Every structure is written in structure tokens, then in C-alpha cells.
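Residue-level listing of the chains:
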Amino acid sequence: MTRASLLRGLGGALCAALSFSSLPALAETIAITGGTVAIGDGSQPIENGTVVIANGRIVAAGAGVAVPAGATVIDAQGKWVSPGIVAGVSTLGVMEGYGMSEVNDLSADKSPFSAALDISTAVNPNGQRIGTERSAGITRAFVIPSTGNTMFAGQGAVIDLGTDPDPVTRPRAFQYVEMGEDGMHAAGGSRPAAYALLKAALGAAANPSSADFASKDALITRQDAEALVPVLRGTQPLLVHVERASDIRSVLALKKQYPALRLVLVGATEGWMVASEIAAARVPVIAAALIDLPEKFESIASTQSNVGRLAKAGVTVAISNADISEGPYESFLPQYAGNLVALTRMPGAQGLDWGAALASITSKPAAAIGMDGEIGSLRAGRRADVVVWSGDPLELASHPTAIFIDGVAQPTVSRQTRLRDRYLDPVEKALPKAYER
Amino acid sequence: MALVLTACSGGAAPKSASSDAPPPGKGKAFDHDPFPSTYKPYPGVPTAIVHATVYDGEGGRIENGTVLLADGKVVGVGGADLAIPAGAKLIEGKGKWVTPGIIDVHSHLGDYPSPGVEAHSDGNEATAPVTAQVWAEHSVWPQDPGFSRALANGGVTTLQILPGSANLFGGRSVTLKNVYARTVQGMKFPGAPYGLKMACGENPKRVYGGKGREPSTRMGNVAVDRQTWIKATEYKRKWDKYEEKGGEPPSRDVAMDTLRGVLDGEILVHNHCYRADEMGIVLDMAKEFGYKVTAFHHAVEAYKIADLLKANGTCAAVWANWYGFKMESYDGIPENLSILHNAGACVMIHSDDQNGIQRLNQEVAKALASGRRAGFQISDEQAWTWLAIAPAKALGIADKTGSLKPGKMGDVVLWNGNPLSVYTRPEKVWVDGAMLYDAYDPKLRPVSDFELGQPGEGDVK
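This text gives an overview of the structure that appears in the document. (Residues numbered from 1 in each chain as written. Chains lettered and ligands numbered in written order. Predicted model: local features only at pLDDT ≥ 70, side-chain atom pairs only at ≥ 80, totals over all residues. Heavy atoms only, no water.)

Here we come to the sheet that holds strand 9 (residues 195-199) of chain B. All names here are of chain B. Spatially, eight strands are ordered 6-7-8-9-10-11-12-13 in an open sheet, and the strand pairing comes out mixed. Bordering the open sheet on either side are strand 6 (102-107) and strand 13 (347-349), each of which pairs with just one other strand. Taking each pair of neighbouring strands and ignoring which way they run, the sheet shows an average axis angle of 25°. Summarising the sheet, strand 12 (residues 315-318) and strand 13 pair through three bridges and their orientation is parallel. The residue bridging V318 from the neighbouring strand is I349, located in strand 13. (Pairing = 2+ DSSP bridges. Helix = DSSP H or I, 4+ residues; strand = E, 2+ residues; numbered from the N terminus. Axes fitted to C-alpha atoms, helices over the stretch in contact; angles between N-to-C directions.)

Next comes the structure, spelled out in C-alpha cells:
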């Protein structure tokens with residue numbers, strides 16, 4: 001039990017391990033001791049807690065947890081330990097940037113297919129954004145396609161951000177559809193057009209034998225209709241991007257005709273206006289985090305108190321980068337969650353307490369798509385996505401000092417840190433910068 | 001009455017001017033300020049903020065400090081021993097922080113307002129690669145709800161509104177006080193110089209290349225820039241000669257007026273540019289034509305050429321850590337600010353975003369933390385210069401605002417905790433000594449005309 005020496009050695013040991021390509025084996029038992037442990041399930045952080053990992057899963061986390069014999073001990077005194085951050089709306093692995101169409105698999109305007117599209121087939125774990133966001137403590141992401149030729153964007157995937165070559169945790173984890181202003185444009189120009197298409201598509205999925213897929217007037221391909229069968233049966237969640245209070249009501253009403261639908265609202269900046277109805281329908285929300293401007297007419301009543309008010313009404317609510325324009329980095333999520341805590345100090349505002357705020361970027365997004373038994377918290381049995389932070393993970397000055405995905409240690413460096421190191425002193429030396437490595 | 005006279009005298013050069021007329025003198029041939037500021041400070045009361053931690057915006061810090069406001073100005077900044085004038089309104093600042101109002105050197109509030117409908121898309125005159133004739137202030141909608149969010153959530157008291165980056169010469173910027181008014185003139189920062197928005201890199205070549213016309217490449221960008229500067233140099237020569245010697249006045253050209261203003265040092269160049277190599281080219285182009293680049297905006301790769309920027313006296317206005325959203329931002333790193341700061345270059349934060357402008361203090365906190373992790377020793381109060389005196393200098397208004405110094409405008413934020421913490425928000429904001437936001441007073445929360453009578457009106461937001 002030489003805690004101090006282990007603490008000193010942690011950073012260096014990880015770097016050395018990586019450079020020698022000898023990452024800890026999946027089966028390794030690890031005990032992270034002495035840190036402030038935040039479970040991620042909404043509970044408050046626990047001082048001097050222990051997290052035990054074995055076989056890629058969480059064994060136990062909390063106060064008074066015994067360190068198993070033979071475990072590799074990581075001393076986290078003075079640090080915080082939390083589940084890895086789960087990004088609820090992401091383009092990681094399928095888009096590197098604008099003006100780079102060669103590495104943009106988000107949407108397919110010219111494809112005949114829509115709901116059938118499966119984004120998991122495109123995920124590239126070697127993109128620079130995955131490495132950079134991972135080093136900020138993001139361990140899982142919901143990769144969401146964008147709409148192309150209809151308001152159905154296709155099937156999204158849950159991915160991990162690990163260095164392993166297989167990034168897909170769950171392919172076809174959900175279907176994604178646009179039903180507000182974006183949906184009306186994609187469906188031909190109006191909300192009624194979007195609803196007509198949605199109902200036609202679900203109708204075709206419900207009764208494929210009566211659908212005429214061969215006609216040149218067919219609204220949907222057989223493949224798209226087949227892709228909607230699990231949506232109709234409720235085995236695949238349907239994420240619906242919608243903002244306006246009246247649009248939210250319309251979406252909730254779909255359950256009258258299709259009671260098996262597992263709806264999840266995405267965005268929902270006016271959700272607070274219909275919070276009790278969302279709660280009554282038991283529909284979870286992956287909300288825009290802090291949007292407070294009427295950037296669209298459909299979000300005219302937006303407020304940063306939206307998430308707090310939804311949670312207070314009993315809605316399962318996560319936050320995401322939905323509706324944030326440029327720079328929608330997954331690494332901003334802890335900052336956004338921290339801002340929700342800040343709102344609790346503002347007269348008239350509704351925020352989240354610290355535990356609920358962390359849950360909004362860990363277990364709550366997982367719960368929204370029915371995966372909180374698998375990811376998003378340090379509760380026993382979950383995948384061991386664990387981050388050791390230099391301090392309070394929601395605070396701006398904190399950074400990960402160790403990251404585990406499925407129990408496997410990950411680098412805390414990235415391409416960005418390589419660039420940083422090259423240019424710490426921007427002056428060229430005896431050789432050009434291209435020789436500095 | 002003064003206004004009317006200014007407007008009347010502000011037309012084109014007299015049509016009757018002839019070789020007999022006396023020369024008007026340098027810069028006097030026509031009015032350079034035809035849309036003058038009508039901004040008037042709102043009344044405040046003598047105020048003493050006491051017992052707070054003070055960042056003065058120039059790198060200074062006072063514990064248990066006092067800030068005195070009177071007659072719209074900062075009249076005193078000091079420690080607990082600073083005498084408080086009788087009758088001053090006392091604001092208890094124990095456990096809180098006082099800073100100068102935040103300045104955003106790059107905003108599109110008003111010219112890309114909310115709601116962002118097509119009818120409101122007024123930021124890019126994307127019809128020609130050179131539109132130096134347009135002025136952002138003629139697009140600004142003073143009712144943009146974004147102004148209130150920037151004030152109440154961001155503590156932003158001054159902001160520069162720029163045209164967008166579709167064009168090589170995007171047009172003139174305007175600097176505003178963040179105070180709602182019925183007209184844009186009522187928001188204009190008195191005495192602030194104009195800026196010229198320029199853009200290099202991907203945006204202009206994409207917009208015009210997409211239309212099948214020049215520029216479609218980076219070399220096309222620079223070619224059109226240089227042709228335009230040649231034209232501007234000739235325009236300036238003609239007008240300088242006329243103003244000095246008289247004779248027939250040359251024809252007015254609104255675009256060339258602006259470029260002549262740049263060549264005369266009267267208008268400051270704010271150049272959208274990401275890559276280090278492109279900034280190097282622009283700096284040489286500026287030397288070729290005898291103008292100065294006041295600041296590169298976005299400047300994602302500025303850290304690679306910190307020495308070059310310092311040597312040229314050119315500032316970098318950057319995000320904390322935006323990266324990778326397009327090819328020219330691929331090499332963005334969160335240490336950009338601190339590397340530049342450490343090298344002694346002029347550097348500041350900016351938003352270019354209606355959401356980011358509400359949290360520039362947090363962006364600075366992130367950049368600072370990254371810098372410290374990389375080994376740079378930068379204090380909190382030094383980092384605060386990145387959103388106070390540095391942008392004030394880049395806007396040419398550092399003699400008026402940007403720090404808490406006696407005689408400057410009373411642009412002040414009281415934060416309810418450490419403003420580099422995520423858990424902190426502005427509690428009160430003063431502009432020219434008038435309290436224009438108070439978290440504890442719903443009446444001191446602006447509601448723009450657009451929001452009045454709409455769902456969510458007057459909400460905390």
C-alpha cells in the first residue's frame with residue numbers, strides 16, 4: 001500500500017505503458033482509491049471512495065469498498081473519479097469537418113435510402129477528433145446521422161472512444177428523425193408533409209404486404225420500411241428532434257396510434273412549457289444544454305432553465321450538444337453541466353444539483369436510450385468507463401489524469417498535445433519544426 | 001441641432017468645387033462620420049463596490065478591493081483603505097469579484113440576429129468578393145435578443161459587430177455599447193474607430209469558387225486582394241492631392257473610402273485568417289501596400305508564429321479551443337492563447353458566436369488551465385486581460401474602456417463568485433456607471449421588442 005509512490009507514478013506509468021504498447025489487459029483488476037467518487041447516477045460525490053474494475057466492468061464503487069488482493073492500485077487522493085462522459089448527440093467518427101466531404105458520412109442527399117441507413121458502417125476510430133475528445137474524458141458517444149432526402153436520418157450508433165479498432169458498442173441503437181423546422185424542409189416543405197410521410201412510412205412498416213414499393217410514386221423503399229419495423233415494435237428507440245411546445249405535443253400524440261413506440265425527444269428547447277405532459281408520457285429528453293435564444297421561431301421560449309424545469313417535473317433529462325452551431329465539441333459537456341449547477345444560485349432560475357448535473361452527461365443519456373444498465377455510471381456491472389480527474393470534473397480547470405474505457409487504460413495525450421509540445425517555443429531551432437518530435 | 005448640421009455638411013464634395021476653390025485640407029473633403037453615434041449614457045448613482053476581489057483588466061489584482069463609480073466613470077480603484085464618498089450607494093462584494101465589462105472583438109449579433117431566419121441573414125453581402133462598400137451597422141437589428149443574453153449571462157458591455165467572412169473585403173465593422181436602443185446609432189460606441197473586415201482562406205474561395213468565378217483558390221484570394229489595394233492606393237492618391245491642393249474633386253467610391261481609411265490608419269483591419277502560413281502572406285501584403293493588420297481573428301494557428309505576430313505588432317483574437325471543424329482549423333489547440341501570451345504577443349479571446357459570447361469568461365478559464373498544464377505561469381488577473389484591455393486595444397478604445405482605471409467609462413461586472421469558475425454568473429452589470437443588469441431585480445433584465453408578448457418573455461433565460 002504505497003499510495004504516495006503510486007500517485008506520483010500514475011501519469012508517467014501510463015505514458016510509459018502506452019509508448020511500449022503494453023496496455024493493461026482487459027482482465028486486469030484495478031482499484032482506484034482515495035479519490036472523491038461520483039457514481040454518475042444522480043447521487044452526490046463520495047469522499048475517500050474506491051472504484052474497483054475487473055474484466056472490463058465495474059465491480060464496486062463507493063465508500064468502504066475493499067481493494068481485492070492482487071489489484072493494481074491507483075491512488076486518486078486529491079482527485080475525483082467519475083464515469084466517462086457520454087455524448088448524447090455527436091458526429092464523432094463520421095465527420096472531421098466542413099469542406100471535407102471526403103470524411104463526412106453524416107448525410108446522403110442523393111441516396112434513395114433514408115431510415116435504412118446505418119451510421120455504424122462509417123465510424124472511423126482513428127479520426128483526430130476521437131482522440132482529442134477522449135483525452136478530455138469523453139468515453140462514449142451517440143453518433144447521429146443527419147437527414148438527407150427525407151426527415152428520416154437513419155440509424156444511429158453508440159460508440160466507444162477507445163484506442164481499440166472496434167469502436168461500435170451498439171449499432172442501430174436508435175432511429176433518428178427530424179420533426180420540427182428541419183423535418184418540414186426535409187419532408188417537402190411543411191409540418192403536415194412531415195407527418196404524412198412519417199405515418200406513411202410507419203404504415204408501410206406495419207403492413208409491408210400492402211405497401212407498393214415498386215411504384216415510381218412509392219414514398220419509401222422496402223429497405224427503409226423494414227428498418228422501421230423495430231421502431232414500430234418498440235425494440236429500437238425513435239429519437240425525434242423537435243423544439244416547439246406544440247410540436248412536442250404532436251410527437252407525444254403519436255403514441256396513441258403507435259403505443260409501442262419508444263420515443264426520445266432531442267432538443268426540446270420549449271420542453272419546459274409542456275414538462276408535465278412529457279413526464280406523464282414517460283418520454284425521456286436529450287435536451288439542448290444551455291440554448292436560451294430564440295434562434296428559431298420554434299425555440300422562441302428557450303431558456304437555460306429548461307433542463308432544470310424538466311427534471312423538476314419528473315422527466316428523465318440528459319443534455320447534449322444539440323442546437324449548438326460551431327464548435328460543438330463533446331468536451332464542452334462537463335462545462336455545460338457545471339452551468340446548470342450555477343443556475344441554482346440564480347434567483348428565478350431552475351438548475352440541477354451537482355449529482356444530477358453529472359448524471360445529465362453520464363447515466364441520463366444512457367437511460368434515454370435504455371443503456372444505463374450498460375454504460376454511464378460506476379454502478380456494479382457497468383462497463384468500466386472511468387475517468388480520474390485533477391479536480392471537480394465539471395470545473396473548467398479540471399482535466400483527466402487517467403482514462404479507462406472497458407477497463408482499458410487510454411492515452412491522456414492527443415494530436416493536440418503533440419502540436420502543443422512542438423510549438424511551446426514557437427521559434428525554429430537548428431532544424432525546421434517538422435523535425436521536432 | 002448639432003446633429004442636423006453634421007448631416008447637412010456630410011454629403012459628397014461640393015458639386016461646384018472648381019480649381020478656384022481652396023483645398024479642403026487633409027481628410028476634410030467629405031464627412032467621415034455620416035451615421036454618427038447618438039449613444040448617451042444612462043444615469044447612474046455614485047456607487048462604491050466594496051470588499052471584493054478586483055481584476056483591473058490590465059493584469060492587476062486587489063484583494064478586499066473597492067471600486068468607485070460616479071458620473072458614468074470609474075473614479076477610484078483601491079484597497080479597503082480607499083475613502084468612500086459620502087452618499088455613495090454601497091454594494092457589498094465580499095466573496096465576489098469585480099472586473100471591467102467584457103469586450104467581444106468579434107460578434108455578429110444584430111447582423112445575424114435571432115431568430116436566424118432567412119429574412120434576417122444580413123451578415124454577408126456575398127455577391128462579390130470585394131464589398132468594402134458595405135457597413136455592418138446598416139444590417140444591425142438593435143432588437144436582437146442576443147444583446148441581452150450577452151449582457152446578463154456574459155457581462156459583455158462592448159462588442160464589435162463585423163460583416164461575415166464570405167468576402168475578401170467584407171466591409172466595415174461597428175463597435176457598440178451593449179445597451180439597447182431604438183436605432184443602431186443609439187448603440188454606437190462614441191469615438192470608436194471603424195474596422196474593416198477582411199477574410200483569407202477557405203470561405204471566400206469556397207463562396208466564389210462555388211459560383212465559378214475568381215477567387216476559387218488561395219492564390220486567387222491574394223490576387224484579388226492586391227488588385228484591390230492597388231486601386232485603393234490610386235484612389236487615396238487622388239483624394240490626398242485634391243484635399244491638399246484643390247482642383248476638381250475625384251469621384252466618390254464608398255468602397256474605396258473605406259480602403260483609403262485603412263491606408264490612412266483611420267480604420268483598423270480585422271482579418272479573418274486561420275493558418276499560420278496565410279497570416280504570414282497577409283502580413284507581407286500589408287507591408288507591400290503600407291497598411292497594418294490590427295488583429296487576425298480566429299487565428300487558430302497563431303501559436304505557430306507568435307514571434308512573427310509580435311514583431312509586426314499584430315494581435316491574435318482566438319477561441320479557447322475550437323478546432324477541426326474545417327481543414328484550416330485542423331491544428332487548433334487550447335494552448336493558443338497561453339503560447340502567444342508567453343511569447344509577448346497581443347492576444348485576446350473572441351466569440352464569433354451568439355452562445356459563446358455568453359461565456360467568454362469560461363473560455364478564458366479553459367484556455368488558462370490548458371496553458372498552466374503546459375507549464376506557463378499565468379495568473380488569473382493576467383488572463384483577464386484577454387477579455388478586457390487586449391480587445392479594447394484592438395478596437396482602438398483602450399483609452400475609454402477595457403480596464404478599471406479612474407477616468408474610464410464605468411463599464412463594470414460584479415460576479416457572484418470567482419469568474420473563472422463554471423459555477424459563477426454575473427450578478428450586476430454597469431455600463432457607463434448605470435446599473436443595466438441585476439440578477440436580483442427582474443426589472444433590470446432587458447426584454448427586446450421582439451420578445452415582448454411572446455412565450456418566455458422576461459424569463460431568467
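Right, let's get into the packing of aromatic side chains. All told, the structure shown has 23 aromatic pairs over all chains when counted by the stated rule. On the basis of an interplanar angle of 15° and a centroid distance of 4.5 Å, the ring pair of W319 of chain B and W322 of chain B is categorised as stacked. Here the two residues W319 of chain B and W322 of chain B agree in accessibility, since each one is buried. Their ring planes at 90° and their centres at 6.0 Å tell us that W322 of chain B and F325 of chain B sit as a pair that is edge-to-face. Comparing W322 of chain B with F325 of chain B, the two get one shared label, buried. Aromatic ring contacts, followed pair by pair, group Y329, F332 and Y336 of chain A together with Y323 of chain B into a single cluster. The ring of Y423 of chain A has K433 of chain A sitting right over it, with the charged end atom 5.4 Å from the ring centre. (Phe/Tyr/Trp six-rings, centres within 6.5 Å; stacked < 30°, edge-to-face > 60°. Buried < 20%, exposed > 50% of the residue type's maximum accessible area, 1.4 Å probe, protein only. Lys NZ or Arg CZ within 6 Å of the ring centre and 35° of its normal.)

On to unusual backbone geometry. Residue and element names in this part refer to chain B. Of note, the amide linkage connecting S114 to P115 takes the cis form, showing an omega dihedral of -5°. Here P115 shows up in the loop between strand 6 and helix 2 (146-152). A cis geometry characterises the amide bond from E214 onward to P215, with omega recorded as 0°. Mapped onto the fold, P215 is located in the loop between helix 3 (202-209) and helix 4 (218-245). Its identity as a non-glycine residue notwithstanding, D71 has a phi of 50°, on the positive side. Note that D71 resides in the loop between strand 2 (61-70) and strand 3 (73-78). For H298, which is not glycine, the phi torsion reads 80° and is therefore positive. Accessibility expressed as a relative area gives 2% for H298, which makes it buried.

Residue and element names in this part refer to chain B. Where burial is concerned, most of strand 7 (residues 156-161) is hidden: six out of the six residues are buried. One ladder, built from four bridges, connects strand 6 with strand 7; its direction is parallel. Looking at strand 7, one finds that I103 is bridged to T158. Once you follow strand 6 into helix 2 and on to strand 7, the crossover reads as right-handed. Direction of pairing for strand 7 relative to strand 8 (residues 169-177): antiparallel, over a ladder of four bridges. Of the residues in strand 8, the one forming a bridge with L159 is L176. (Right-handed = clockwise from strand over helix to strand, strands pointing away.)

Pairing is possible between side chains of opposite charge, provided their charged atoms come close. Within this structure, the stated rule accounts for 50 salt bridges over all chains. Across the salt bridge formed by R140 of chain A and D385 of chain A, the nearest N and O atoms sit 2.5 Å from each other. Of this pair, R140 of chain A sits in strand 7 (residues 138-143) while D385 of chain A sits in the loop between helix 12 (363-368) and strand 14 (386-389); the two residues are 245 residues apart in sequence, bridging distant segments of the chain. Residue classification places R140 of chain A among the buried residues on the basis of a relative accessible area of 0%. Overall, the relative accessible area of 4% leaves D385 of chain A in the buried class. Residue K236 of chain B pairs with D240 of chain B through a salt bridge whose shortest N-O separation is 2.7 Å. In this pair, K236 of chain B and D240 of chain B are both assigned in helix 4, four residues apart and thus about one turn of the helix distant. A network of salt bridges, in which partner residues are shared, links R57, R140, E374, R383, D385 and D406 of chain A. (Salt bridge = Lys/Arg side-chain N within 4 Å of Asp/Glu carboxyl O.)

Residues and elements named next belong to chain B. Using the criterion set out here, one finds two disulfides over all chains in the structure. Note that C200 is cross-linked by a disulfide to C273, the S-S spacing being 1.8 Å. Across the S-S bond linking C200 and C273, the dihedral sits near 110°, which makes this disulfide right-handed. You can see C200 sitting in the loop between strand 9 and helix 3 and its partner C273 sitting in strand 10 (residues 268-273), a full 73 residues away along the chain. Overall, the relative accessible area of 6% leaves C200 in the buried class. (Disulfide = S-S within 2.5 Å.)

What follows is about the packing of helix 4 (residues 191-206) of chain A against helix 7 (residues 245-257) of chain A. All names here are of chain A. Viewed as axis vectors pointing N to C, helix 4 and helix 7 meet at an angle of 20°, and their least axial separation amounts to 13 Å. If you check the angle between helix 4 and helix 7, you find them roughly parallel. Here the hand of the crossing between helix 4 and helix 7 comes out right-handed. Contacts from R191, Y195, L198 and K199 in helix 4 reach D247, S250, V251, L254 and Q257 in helix 7. Grouping the amino acids of the contact of helix 4 with helix 7 by side-chain chemistry returns four nonpolar, two polar and three charged. (Parallel < 35°, antiparallel > 145°, perpendicular 65-115°, else oblique. Left-handed = near helix turned anticlockwise from the far one by under 90°. Contact = heavy atoms within 4.5 Å. Nonpolar A, V, L, I, M, F, W, Y, C, P; charged D, E, K, R; others polar.)

Moving on, we get to the interface of chain A and chain B. In this assembly, 56 residues from chain A lie in contact with 58 residues from chain B. Both faces combined, the contact of chain A with chain B buries some 5,200 Å², and carbon together with sulfur accounts for 56% of it. If you look at where chain A meets chain B, you find three salt bridges. Two residues, R309 of chain A and D459 of chain B, come together in a salt bridge whose shortest N-O distance is 2.8 Å. At the junction of chain A with chain B, the criterion picks out 27 residue pairs in polar contact (both at pLDDT 80 or more). Going through the elements one at a time, helix 2 (128-135), helix 10 (333-342) and helix 13 (415-423) of chain A are the ones with two or more residues in the side of chain A that touches chain B. Considering every element that reaches the side of chain A that touches chain B, the biggest residue donor is helix 10 of chain A, with six residues. Partitioning the side of chain A that touches chain B into residue classes produces 29 nonpolar, 14 polar and 13 charged. (Buried area = accessible area lost by both parts, 1.4 Å probe. Polar contact = N/O pair within 3.5 Å; in protein donor to acceptor, adjacent residues only side chain to side chain.)

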